[in-house]
Amino acid sequence: MPYALRARRAVRETVSGLPREFWWLWTSTLVNRLGAFVATFMALYLTLDRGYSATYAGLVAALHGLGGVISSLGGGVMTDRLGRRPTLLIAQASTAVSVALLGFVHHPVAIAGVAFLVGMASNASRPAVQAMMADIVRPEDRIRAFSLNYWAINLGFAVSSVAAGFIAEVSYRAGFLIEAGMTMACAILVFLRLPESKPAETVKTDALSDSSVSLGTVLRDGRFMCVVGLSFLVALIFQQGSIGLPVAMGEAGFTPAEYGMAIAVNGVLIVVLQIPVTRFIEHRDSRRLLVISSLLAGYGFGLTAFAGSVGVIALTVCVWTLAEIVNAPTQTGLVVRLSPLHGRGRYQEMYTMSWSVAALVAPLMSGFVIDRFGAEWLWGLCAVVGTVAGLGYGALMRRVPEEKPTEPTEPAEWTEPTEPTEPTERTERTEPAEPAAGALGQVPERSASGP
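Residues numbered from 1 in each chain as written. Predicted model: local features only at pLDDT ≥ 70, side-chain atom pairs only at ≥ 80, totals over all residues. Heavy atoms only, no water.

Chemist: Looking at this structure, I do not really get the overall build of the protein. What am I missing?
Modeler: Secondary structure assignment for the protein yields 20 helices and zero strands. Residues classed as buried in the protein amount to 47% of the 451 residues present. For the protein, contacts bridging at least 24 residues in sequence account for 86% of all contacts bridging at least 6. (Helix = DSSP H or I, 4+ residues; strand = E, 2+ residues; numbered from the N terminus. Buried < 20%, exposed > 50% of the residue type's maximum accessible area, 1.4 Å probe, protein only. Contact = heavy atoms within 4.5 Å.)

Chemist: Sorry if this is basic, but what is going on with the pattern of salt bridges here?
Modeler: Pairing of side chains with opposite charge becomes possible as their charged atoms draw close. In the structure shown here, the tally under the stated rule is three salt bridges. With a shortest N-O distance of 2.6 Å, Arg84 and Asp135 are connected by a salt bridge. Separated by 51 residues along the polypeptide, Arg84 in helix α5 (residues 84-102) and Asp135 in helix α6 (residues 108-136) bring together distant segments of the chain. Using a relative accessible area of 1% as the deciding quantity, one classes Arg84 as buried. (Salt bridge = Lys/Arg side-chain N within 4 Å of Asp/Glu carboxyl O.)

Chemist: Can you walk me through the packing of helix α10 (residues 222-238) against helix α14 (residues 310-338) in this structure?
Modeler: When two helices pack together, their arrangement is given by the angle between their axes and by how far apart the axes lie. Remark: α10 packs on α14, axes separated minimally by 11 Å, with the N-to-C direction vectors making an angle of 160°. For the element pair α10 / α14, the angle class is roughly antiparallel. For the pair α10 and α14, the crossing hand works out as left-handed. Along its contact with α10, which presents Arg223, Phe224, Val227, Ser231, Val234 and Phe238, the element α14 presents Trp320, Ala323, Glu324, Asn327, Gln331, Leu334, Val335 and Leu338. Here the residues of the contact of α10 with α14 sort into nine nonpolar, three polar and two charged. (Axes fitted to C-alpha atoms, helices over the stretch in contact; angles between N-to-C directions. Parallel < 35°, antiparallel > 145°, perpendicular 65-115°, else oblique. Left-handed = near helix turned anticlockwise from the far one by under 90°. Nonpolar A, V, L, I, M, F, W, Y, C, P; charged D, E, K, R; others polar.)

Chemist: Please explain the packing of aromatic side chains as it appears in this structure.
Modeler: Where two aromatic rings form a pair, the distance of their centres and the angle of their planes describe that pair. In the structure shown here, the tally under the stated rule is eight aromatic pairs. Pairing Phe238 with Trp355 gives two aromatic rings, centres 6.4 Å apart and planes at 5°, and the pair type is stacked. With Phe238 in helix α10 and Trp355 in helix α15 (residues 344-372), this residue pair connects regions lying 117 residues apart in the sequence. On the accessibility criterion, Phe238 (10% relative accessible area) is buried. Taken together, a centroid distance of 6.0 Å and an interplanar angle of 45° make the contact between Phe373 and Trp377 tilted. The exposure class of Trp377 is exposed, given its relative accessible area of 59%. (Phe/Tyr/Trp six-rings, centres within 6.5 Å; stacked < 30°, edge-to-face > 60°.)

Chemist: Mind showing me how you'd approach α5 here?
Modeler: Each full turn of the α-helix corresponds to 3.6 residues, which orients residues three or four apart in the same direction. For α5, with 19 residues, the first-to-last C-alpha span of 27 Å sits near the 27 Å given by 1.5 Å per residue. Along α5, the residues that are buried comprise Arg84, Thr87, Leu88, Ala91, Gln92, Thr95, Ala96, Ser98, Val99, Ala100 and Leu102. (Expected span 1.5 Å × (residues − 1).)

Chemist: Would you mind going over the confidence of the model for the protein with me for this structure?
Modeler: If pLDDT is low for a region, its predicted coordinates should not be looked at in detail. Residues at a pLDDT of 70 or more form 79% of the protein, whose mean pLDDT is 76. When the elements of the protein are averaged for pLDDT, helix α20 (residues 443-448) gives the smallest value, 31, and helix α16 (residues 375-396) the largest, 92. Taken as a whole, residues 202-211 scores under 50 in pLDDT and shows 17 contacts with residues more than four places along the chain or in a different chain. (pLDDT = per-residue confidence, 0-100.)

Chemist: Would you mind showing me how to read the environment of Leu269 here?
Modeler: Take Leu269: it is sitting in helix α12 (residues 256-281). Not counting chain neighbours up to four residues away, the residues in contact with Leu269 comprise Gln274, Cys318, Thr321 and Ile325.

Chemist: Honestly, the nonpolar core in this entry has me stumped. Any pointers?
Modeler: For soluble globular proteins, the rule of thumb is that nonpolar side chains tend to be buried together. Residues Phe224, Phe238, Leu245, Phe301, Ile313 and Trp379 are the most contacted members of the largest nonpolar core, which totals 48 residues. Contributing elements (two or more residues each) for this core: α10, α11 (244-251), α12, α13 (286-302), α14, α15 and α16. What Ile313 contacts, discounting residues up to four positions off in sequence, is Leu245, Met249, Phe254, Ala262 and Ala307. (Core = buried A, V, L, I, M, F, W, Y, C linked by side-chain atoms within 4.5 Å.)

Chemist: Would you take a moment to explain a nonpolar patch on the surface for this structure?
Modeler: Where nonpolar side chains cluster on the molecular surface, the patch consists of Val97, Met184, Ile188, Phe191 and Leu192 and spans about 490 Å² of accessible area. Looking at the nonpolar patch, the element that brings in the most residues is helix α8 (residues 172-193), giving four residues. When you line up the elements, Phe191 lands in helix α8. A relative accessible area of 48% means that Phe191 is categorised as partly exposed. (Patch = residues over 30% accessible without salt bridge, like charges linked within 9 Å, V, L, I, M, F, W, Y side chains within 5 Å. Areas by Shrake-Rupley, 256 points an atom, 1.4 Å probe, with all protein chains shown as cover.)

Chemist: What's the story with the side chain of Thr321 in this structure? I'm lost.
Modeler: Relative to the assigned elements, Thr321 resides in helix α14. Look at Thr321 and you get buried, because its relative accessible area is 0%. One polar contact links Thr321 to Asn266, side chain to side chain, over a distance of 2.9 Å. If near-sequence neighbours (up to four positions away) are discounted, Thr321 is found in contact with Asn266, Leu269 and Ile270. (Polar contact = N/O pair within 3.5 Å; in protein donor to acceptor, adjacent residues only side chain to side chain.)

Chemist: I would appreciate a short explanation of the environment of Leu391 in the present structure.
Modeler: Within the fold, Leu391 resides in helix α16. C-alpha separation for the pair Leu391 and Ser294, spaced 97 residues apart in sequence, amounts to 8.9 Å.

Chemist: Would you take a moment to explain the environment of Leu296 for this structure?
Modeler: Here Leu296 is to be found in helix α13. C-alpha of Leu296 to C-alpha of Gly386: the two residues are 90 residues apart in sequence and 7.6 Å apart in space. Ignoring any residue separated from it by four or fewer positions in sequence, one finds Leu296 in contact with Val319, Trp320, Leu322 and Ala323.

Chemist: I tried to follow the packing of α10 against α16 on my own but got confused; where do I start?
Modeler: Put simply, α10 and α16 touch, their axes get as near as 9 Å, and they point 155° apart. It follows from the interaxial angle that α10 and α16 lie roughly antiparallel. For the pair α10 and α16, the crossing hand works out as left-handed. Contacts between α10 and α16 involve Arg223, Cys226, Val227, Leu230, Ser231, Leu233, Val234 and Ile237 on the former and, on the latter, Cys382, Val385, Gly386, Val388, Ala389, Gly392, Tyr393 and Leu396. Taken together, the residues that form the contact of α10 with α16 break down as 12 nonpolar, three polar and one charged.

Given below as structure tokens:
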């Protein structure tokens, strides 16, 4: 009984204190992932249902990823210029239409073209979601919020993968239409429940205003681009769970069902452990977390070289899944910290693009290494890449100052007492007057988190 009470208290503390707008955004993410079908069953649809070759299926997957790379840039610009809410509406409505269309086209060129459009539309919403979440959640709660959002993504994926498998046995077209309908429901939910959260520019000549934060500004930000590069390395490792691992297991004589059982451990662990691990890491040093998670990811996949059974492979999945649970919210929080207030969309788009590019490079890398040298070399390369990423984070984070946990409450401490006795407060509170100017850029962020 005491354990049950502690568990209930832990869950309550994890989900409490977040604004109502966050939970509508969280619900939108969950509904969107519950309807996921294209990304999971595209290859099976093209090879089993349509009868195309594996080479053609790989080409379509690459075009889908290429669309994501392109939209990562456009989605961030739209997020900063049009706003978070319009970008989400346009991206999700476009995704719904293109996914529905994919279920009705039959010509190979048409399928490839529509898949490219699906990749563009579906990926365009990511910078807007992350920027809106940063707008409406207090800095000290962001890691917890990003973790909960990541938990929703994986919960939806775990449920949809099972349900979509049964749907695919009846009709692939039904799966496309169901995903289109649920994505359109997300667009309607955003329109009805989520207000615009883009911070208003208080000073037109502000150096961090929307007009001055361009893609060139992001590219010239050397420290942030180092984070993007390290993110690419980590993403390259995690992509092997869905690319290198099934190919290697197939060549080793394992069945698709055995791969399914092994990779299912990833989704189950994320759903079960995301909340308790988040509570553990929420106030830990993000520098160490990024180094440790990079090493766990690299060596988790590296241990696969010594796995000769499904059980041992499942244990290696446990190792790199723990790295994924720690890395995802911590790295997203770091991106927010390094992003200027009025340039979050563009900074998020560059971070998102690192994962999109990794999704393009990983299939080429894993296929080449496995065919030329063998799967053992791929797993050894993952360990090397993880080590490089860990060392990179260790060196980079020494120059990144820790975020102040009291950021949203600083202005309240010096402004609230001025109303009752303004003349005396001016003489007694001359020291806090200086932080007021430093907090000027934080005011829109704090006001955006309101209803």
